[in-house]
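# A look at the structure
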Amino acid sequence: RDLYWFDAVGNQLKAASMQTLGAEVRGLLADGDGFLALTSGQLLRLSASGQTQATFTGEGLLSVVRAGDYVQVLDNAGRLWRLDASLKGTSTQLGLGAKRLFALPGQVLAVAPQRIQLIDSATQQRVGNWSLVAASVDAAQWTGGKLWLGGSEGQVFSPVHGSDGYISLYDSRNAVAPTRGSVESLALRDG
């Protein structure tokens, strides 16, 4: 629930202030000279000093990404909200189950354990809709043009143009030498 503000002074970080929000922070994005902070019930545009500049209120907010001039927010009712600089906008119904959003050039990828959907950022129209079988997508990461689902399955997908959806690059459930245990964290380096 707490956001801590630091000033970068030379090669040191100096504590500047602390701000308590009304709910647990689910996402934090750099936004110009400030930040976007996502909780389960609000998206806040905060200045560099922590002052609230704009607020979007919703229920069950799950994920936030920046897509061009807009901010895209996913809620647990299956709505994808496209919000402008003042955090006002409209929603598109994606269907229940989507948990994570990833910003791609001109598109947004919405990932659920049963489905991957690709949304055009300009029109909010669905341009791809593919089935998926995954236990969870909570640890999903996007890097180097590939989607890594993580968890005990360790699936990695590469999307393809057209209606084919994606190519499965790796699935530990089908590997000759299965991966032992469950990946709990991932660090990305150089794509």
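Just so it is clear, the structure is predicted and the values come from calculations on it, not from any experiment.

Turning next to the sheet that holds strand E4 (residues 34-39). In space, the 4 strands of this open sheet follow the order E3-E4-E5-E6, with antiparallel pairing throughout. For this open sheet the edge positions go to strand E3 (25-31) and strand E6 (52-57), each flanked by a neighbour on one side alone. The average angle at which neighbouring strand axes cross in this sheet is 15 degrees, direction not considered. Taken together, the 4 bridges between E4 and strand E5 (residues 42-46) define a ladder with antiparallel strand orientation. Counterpart to Phe-35 in the pairing with E5 is Leu-46.

What follows deals with the sheet that holds strand E12 (residues 107-111). Pairing is antiparallel across the open sheet formed by 4 strands, whose spatial order is E11-E12-E13-E14. Both edges of this open sheet fall to strand E11 (100-104) and strand E14 (126-131), since each of them pairs with a single strand only. Going across the sheet, the axis of each strand differs from the next one's by a mean of 15 degrees, ignoring polarity. Strand direction decides the pairing type here: strand E13 (residues 115-120) and E14, joined by 5 bridges, are antiparallel. Bridged to Ile-116 within E14 is Trp-130.

In this section: the nonpolar core. Ranked by internal contacts, the top residues of the largest apolar core, which has 14 residues, are Leu-109, Val-111, Ile-116, Leu-132, Val-137, Leu-147 and Leu-149. Among the secondary structure elements, those contributing two or more residues to this core are E11, E12, E13 and strand E16 (146-150). In this structure, Leu-109 is in contact with Arg-100, Leu-101, Phe-102, Leu-104, Ile-116, Gln-117, Leu-118, Trp-142 and Leu-147, ignoring residues within four places of it in sequence. One finds Ala-54, Val-64, Trp-81 and Leu-83 within the second-largest nonpolar core, a separate group that totals 12 residues.

With that settled, consider the pattern of salt bridges. Applying the stated criterion to the full structure yields 3 salt bridges. As a salt-bridge pair, Arg-45 and Asp-31 come within 2.5 Å of each other at their nearest N and O atoms. With a gap of 14 residues between them, Arg-45 in strand E5 and Asp-31 in strand E3 connect regions that are remote in the sequence. We note that Arg-45, like Asp-31, is buried.

About the cut-offs
Residues numbered from 1 in each chain as written. Predicted model: local features only at pLDDT ≥ 70, side-chain atom pairs only at ≥ 80, totals over all residues. Heavy atoms only, no water. Pairing = 2+ DSSP bridges. Helix = DSSP H or I, 4+ residues; strand = E, 2+ residues; numbered from the N terminus. Axes fitted to C-alpha atoms, helices over the stretch in contact; angles between N-to-C directions. Core = buried A, V, L, I, M, F, W, Y, C linked by side-chain atoms within 4.5 Å. Buried < 20%, exposed > 50% of the residue type's maximum accessible area, 1.4 Å probe, protein only. Contact = heavy atoms within 4.5 Å. Salt bridge = Lys/Arg side-chain N within 4 Å of Asp/Glu carboxyl O.

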